[in-house]
Amino acid sequence: MTTELILTAAACALAVGWLARNPRKGLSTGPIAAACALAAGVWAGARYYQPAIVEADVTDRPAQVREGDYVSSSQCQTCHPREYASWQASWHRTMTQVVTPDRVAADLDSAAVTAYGRRFEFYRIGDDFWVDMDDPDYRGDGSAPRIFRRIVASTGSHFQQEYWYTNGNRKLNFIPLTYLIEQQRFVPYWSVFLRPPLPERLQPMHYAGIVNAVSWEANCINCHTTGPSPRVADTPGAPVTEVAEFGIACEACHGGGAEHVAINRNPIRRFQLQLSDAADTTIANATRLASPLSDQVCGQCHSVGFPREAIDKSLRGQRLGFQPGEPLSRTRKLVRVAAIAGDSLLQQALRASPDYLETKFWPDGEVRVSGREYSGMIESPCFARGEGAMKMSCFSCHEMHPDEEDARPLDEWANHQLKPAMRETAAACIGCHADMSGARATATHTHHEPGSSGSLCQNCHMPYTTFGLLKAMRTHKVDVPSIERSMATGRPHACNLCHLDRSLQWTATYLERWYGKPIEVELTEPQRSVPAALHDALAGDAGQRALVAWAMGWPPAMAISGAESGWTAQVLLGLLADPYDAVRYVAFESLRRQAGFGELGLADYDYVAPRDKRKAMIRLLRDRLRAADPSRRAADLVRSKRDPEQFLSELSARRDDRVVSLDE
């Protein structure tokens, strides 16, 4: 029996004893309520002082060790119940978890998955989960022996979840599968990133490489835990990697709380702080820190860069843990493309990883992958040139805990952790650009009707040009749309992500008419004659194809571009045969949203099935689409004297097949 139950039972016994000594009171509600309150209080107190997970005897995974200033989020709940509740509801909390029956998104009770030409079988024994799989460390001839291992940890819980098994030591070993939560299915880990296609004949050999290349200690631990301390013992034996707490917990953003907890046990001090509304100097609060220290709390994870000790030889052997309120530069070397030329340390690091920039940035240095929002924001004029309250910040749009007046359910807030109305209005922008407020001013500036998708600042100045988690996301570099930059970088133009059926020439004409800025480059014939989205879908690189495929399933773009006529369905069917797994996935999801074409039998299509099976399914889907008789075909959008079908065929033949690999 646990301590809590013993104490609760004792409280109940006191209540019964009181009733026994006061028979005239009968079973009145007063004593019972008092007993229940006492029991609840004793139980809560016991919970307060007991660790959430007992780690003393853990030997088969990294342990949660409360060293130094770390005390764990369990110490925050009593004084900060509302903030604790919203953190509990957040996806930050569940970024890394110890596996228990209530924390796994997949049905691991009894499941079997085939990937890499190998079979994975999952079992539940009591409250533990196990995997039966080929031994990735086998290097002999013939079939690899099977291993039966306990699954001890998970990563992710919002869109995807991955699992880690133990070999009986503290090192986490990767199961090279990803569970897609919305689709309720496992797929190969390789297939959830924009990665170059892997020939099917090589997939079985690639299996061991993925298992051993994905290192929780080297990568995931840094941003998916609190107080990470990844290290390996100098002597042979088990790794001794530790964390203060799994997931992104309170102290990841507020810093170690030991002093804060100790000094605030004094109720008089707490009361005085409440009356004065003064900042508590024993803990960091990002919203009270001066810029840029406030945003660097987010930037510790949401940025492109290297841990300093990983690239600076003078720091080797040290473990530099970021503490909120200190300069991020002490622990992390940010990669800003425009500043690389004058930074010898970064140049040295990049020479060791020659493809690094291509996997993170567009050619002009704008971030291309998700999860790096801080690196995008700091390149924005709103951040670089803003001052005081007029300076852009992460907290211009986002909030880590909703206000008391926020009526939204926590699960709605948790999806993006945005302030109220930030998704559907221009509230964040109007705070600085007051001259743009009001229907007349909005229409004058945007040349779109108020309330339309074209009147929303974000759609023009923060378009969906980054990719990750198998979808497009908004860039966090606030900038003015530019035809010249789109042509120079290949990045889709904001206007053409809404107006999918229009060419770059059409966009250039309107921008000159509305804003008096003539185009300064010469457009090619396809850029003049073919819708930009169609051009990228046929001739673009894999990253461009993924973004355009996503836009074809984006409701505002579908409504504007006449998707119901069937032309986007035709294009998306073509992308179901794309060599990149991620492009096929995005095209499939967008195709399912096509009005009138969602009943084509898409349930039979599997984006990671062998090529022959996918080809057969695509042929069937094409026949069904022809039978549905789309009223508008892709060739109908071509504005050229040449034969449209031939023109599009030539574009497809010139598809940009250079290798694209995006590291989220």
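Residues numbered from 1 in each chain as written. Predicted model: local features only at pLDDT ≥ 70, side-chain atom pairs only at ≥ 80, totals over all residues. Heavy atoms only, no water.

### Here we look at the overall build of the protein
Argument step 1. Helix and strand content of the protein: 28 helices and 17 strands.
Argument step 2. Each of the 664 residues in the protein was classed as buried or not, and the buried ones make up 47%.
Argument step 3. Taking all contacts inside the protein whose residues are at least 6 apart in sequence as the whole, residues at least 24 apart take part in 61%.
Argument step 4. Carbon and sulfur atoms make up 54% of the accessible area of the protein, which amounts to about 32,700 Å² in all. (Helix = DSSP H or I, 4+ residues; strand = E, 2+ residues; numbered from the N terminus. Buried < 20%, exposed > 50% of the residue type's maximum accessible area, 1.4 Å probe, protein only. Contact = heavy atoms within 4.5 Å. Areas by Shrake-Rupley, 256 points an atom, 1.4 Å probe, with all protein chains shown as cover.)

### What to know about the pairing of strand 5 (residues 128-134)
Argument step 1. Of all seven residues in strand 5, five are buried, a share of seventy percent or more.
Argument step 2. As defined by bridge partners, strand 4 (residues 118-125) adjoins strand 5 across five bridges and the pair is classed as antiparallel. Bridge assignment links R124 to a residue of strand 5, and that residue is F129.
Argument step 3. If you look at the hairpin formed by strand 4 and strand 5, you'll find two residues sitting between the two strands, and G126 has a positive phi there, around 65°.
Argument step 4. In this sheet, strand 6 (residues 146-155) lies alongside strand 5 in antiparallel orientation, the contact comprising six bridges. Paired with D132 across the two strands is F148, which belongs to strand 6. (Pairing = 2+ DSSP bridges.)

### Things to note about the pattern of salt bridges
Argument step 1. Summed over the entire model, instances satisfying the criterion amount to 38 salt bridges.
Argument step 2. In this structure, the salt-bridge partner of D663 is K360, at a minimum N-O distance of 3.9 Å. Taken together, the residues span a long stretch of sequence, with D663 in the segment after helix 28 (644-653) and K360 in the loop between helix 11 (344-352) and helix 12 (373-377) at a distance of 303 residues.
Argument step 3. On the basis of relative accessible area, K360 is assigned to the buried category, the value being 7%. (Salt bridge = Lys/Arg side-chain N within 4 Å of Asp/Glu carboxyl O.)

### Brief notes about the nonpolar core
Argument step 1. By size, the foremost hydrophobic cluster in this structure holds 109 residues, and its most contacted members are F120, F122, Y163, I175 and L194.
Argument step 2. Ignoring sequence-local partners within four residues, the contact set of L194 consists of F467, A542, G543, A546, Y580, A582, V583, V660, S661 and L662.
Argument step 3. In this structure, C298, F322, I378 and V478 belong to the second largest nonpolar core, which totals 14 residues. (Core = buried A, V, L, I, M, F, W, Y, C linked by side-chain atoms within 4.5 Å.)

### Observations concerning the state of the cysteines
Disulfides are covalent bonds that link the sulfur atoms of two cysteine residues.
Argument step 1. Per the stated rule, a full pass over the model turns up zero disulfides.
Argument step 2. Take C298: it sits in no disulfide, and the sulfur closest to it among the cysteines is that of C394, at 3.9 Å.
Argument step 3. With no disulfide of its own, C432 lies closest to C382 among cysteine sulfurs, the gap being 7.1 Å.
Argument step 4. The class for C432 is partly exposed, based on a relative accessible area of 30%. (Disulfide = S-S within 2.5 Å.)

### Some thoughts on unusual backbone geometry
Argument step 1. In this structure, the amide linkage connecting S291 to the following residue, P292, adopts the cis form with an omega of 5°.
Argument step 2. With respect to the helices, strands and loops of the structure, P292 is situated in the loop between helix 8 (267-276) and helix 9 (293-299).
Argument step 3. Of note, the phi angle at Q417 is positive, near 50°, even though the residue is not glycine.
Argument step 4. Within the fold, Q417 resides in the loop between helix 14 (410-414) and helix 15 (427-430).
Argument step 5. What makes Q417 buried here is its relative accessible area of 6%.
Argument step 6. For L469, which is not a glycine, the phi torsion comes out positive at approximately 55°.
Argument step 7. Structurally, L469 can be placed in the loop between strand 16 (466-468) and strand 17 (471-473).
Argument step 8. Taking the relative accessible area as the measure of exposure, L469 reaches 31% and is therefore partly exposed.

### Comments concerning the packing of aromatic side chains
Argument step 1. Applying the stated rule across the entire model yields 21 aromatic pairs.
Argument step 2. An aromatic cluster of at least three residues, connected via ring pairs, comprises F122, Y163, Y179 and F186.
Argument step 3. Looking at R368, its charged tip hangs above the ring of W362, at a distance of 3.9 Å from the centre. (Phe/Tyr/Trp six-rings, centres within 6.5 Å; stacked < 30°, edge-to-face > 60°. Lys NZ or Arg CZ within 6 Å of the ring centre and 35° of its normal.)

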